[in-house]
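Residue-level structural notes
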Amino acid sequence: MELRIASLTERPEMRERVLGMANSWPEFVTEDLVGNAHYARISAELPEYVLFAEDERGEIVAHAHSVPFALHAEDRGELPARGWDEVLVWAFSDLRRGVRPDTVSAISVVVDPRAQGHGLSARMLSAMRDNARAHGFSEVVAPVRPSAKHLEPHTPIEEYAHRVRPDGLPHDPWLRVHVRAGAAVHAVAPASMTVSGSLAQWRRWTGLPFDTRGDVEVPGALVPVRCEPERGCAVYVEPNVWMRHAL
């Protein structure tokens, strides 16, 4: 597939089309409050860190978002246990306060469902690495959502993250793409994203009854969702895997 990859700084008129591209996220994943508050800000305030790919017909088939942040600030130094959520908060806090960033974090690589199966995720990850290098950074980190973990919601993330095939590459396909690009598994982010909602909201997001106390397996969820009918709510705490890419 012939691709043209550009940033929103180069082509700001494409922002709405990029944000409106079809995706395959489970609906509940898009209800993370931190993500809802910050994700669209990346393209508005940090357009040089939003890349998109067009095919031969001019259709947007993939995009990649990342953010610069100060990992080595005095009160930080370690990649956060609250992974995706916290790195978004750090990045926009640093931007607001004028703190000089020293690291780039991947936030998402999204491929249009109609264009999946052509290696676009690996190409966009490579473009993200190149973009960070071009901006003077020497490392990209990524709170990775393992793409096949939803098939094993009860497997501990620590076990899953370090499982490898006979060739030594990760068992998980998306972790494997990162390792092939030059990354290494660094740590687990046990509370990378939190989605809480009323039982009515969870029923709407998933089509499931959410009427029994305990863990509920939800299609697309990496771990079960905790349902508390007596409290009228359910909570999903998603673990991710921190990967580190030296550039």
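Everything here concerns the structure above.
Just so we're clear, the structure is a prediction, and the values are computed from it rather than from any experiment. (Residues numbered from 1 in each chain as written. Predicted model: local features only at pLDDT ≥ 70, side-chain atom pairs only at ≥ 80, totals over all residues. Heavy atoms only, no water.)

**Focus on unusual backbone geometry**
Rules: In DSSP terms, a helix is any run of H or I states spanning at least four residues, a strand is any run of E spanning at least two, and both are numbered starting from the N terminus. Per-residue accessibility, obtained with a 1.4 Å probe over protein chains only, is compared with the maximum for each type, and a residue is labelled buried under 20%, exposed over 50%, and partly exposed between these values.
With a phi angle near 45°, Phe 210 is a residue other than glycine that sits in the positive phi range. Among the secondary structure elements, Phe 210 is positioned in the loop between α7 (199-206) and β7 (214-216). Using a relative accessible area of 2% as the deciding quantity, one classes Phe 210 as buried.

**As for the packing of aromatic side chains**
The geometry of two aromatic rings is summed up by the distance between their centres and the angle between their planes. Our working definition: Only Phe, Tyr and Trp rings are paired, with Trp represented by its six-membered ring, and only when their centres lie within 6.5 Å; those with planes under 30 degrees apart are stacked, over 60 edge-to-face, the remainder tilted.
The final tally for this structure, using the stated rule, is five aromatic pairs. Ring geometry for Phe 69 and Trp 90: centres 6.1 Å apart, planes at 35°, overall tilted. Taken as a pair, Phe 69 in strand β3 (residues 60-69) and Trp 90 in helix α3 (residues 83-97) lie far apart in primary sequence, 21 residues in all. Judged by relative accessible area, Trp 90 falls into the buried class, the value being 12%. Pairing Trp 202 with Trp 205 gives two aromatic rings, centres 5.0 Å apart and planes at 70°, and the pair type is edge-to-face. With Trp 202 and Trp 205 both in helix α7, this residue pair falls three residues apart, about one helical turn. Neither residue differs from the other here; Trp 202 and Trp 205 are each classed as buried. Among the aromatic residues, ring-to-ring pairing joins Phe 28, Trp 202, Trp 205, Phe 210 and Tyr 236 into one connected group.

**Some thoughts on the side chain of Asp 172**
Selection criterion: Each polar contact in these results corresponds to two N or O atoms within 3.5 Å; when the atoms are within protein, one needs to be able to donate a hydrogen and the other to accept it, and residues that are neighboring in sequence are counted only if both atoms are side-chain atoms. The contact criterion used is simple: two residues touch if any of their non-hydrogen atoms lie within 4.5 Å.
Residue position: Asp 172 is located in the loop between α5 (157-161) and α6 (173-180). Of the polar contacts made by the side chain of Asp 172, one reaches the backbone nitrogen of Leu 175; its length is 3.1 Å. The residues contacting Asp 172, other than those within four sequence positions of it, are Pro 146, Ser 147, Ala 148, Lys 149 and Tyr 160.

**Comments concerning the pairing of strand β9 (residues 233-246)**
The following threshold applies: Pairing between strands is defined by DSSP: at least two bridges between them are needed.
Both strand β5 (residues 139-144) and β9 contribute to a ladder of six bridges, which runs antiparallel. Within β9, the residue paired with Val 140 across the bridge is His 245. The sheet contact formed by strand β6 (residues 183-198) and β9 spans 12 bridges and is antiparallel. Counterpart to Thr 194 in the pairing with β9 is Val 237. Pairing of strand β8 (residues 225-228) with β9 involves three bridges; the strand directions are antiparallel. When the sheet's bridge partners are listed, Glu 228 is paired in β9 with Cys 233.

**Considerations on α7**
Filter applied, for reference: Working definition: the arc comes from the directions between the helix axis and the C-beta atoms, pointing outward to the latter.
Buried within α7 are the following residues: Leu 199, Trp 202 and Trp 205. Taken end-on, α7 shows its buried residues confined to a sector of 125°, consistent with a single buried face. Residues of α7 that are buried make contact with β6, β8 and β9. Backbone geometry just downstream of α7 places Gly 207 in the positive-phi region, at approximately 75°.

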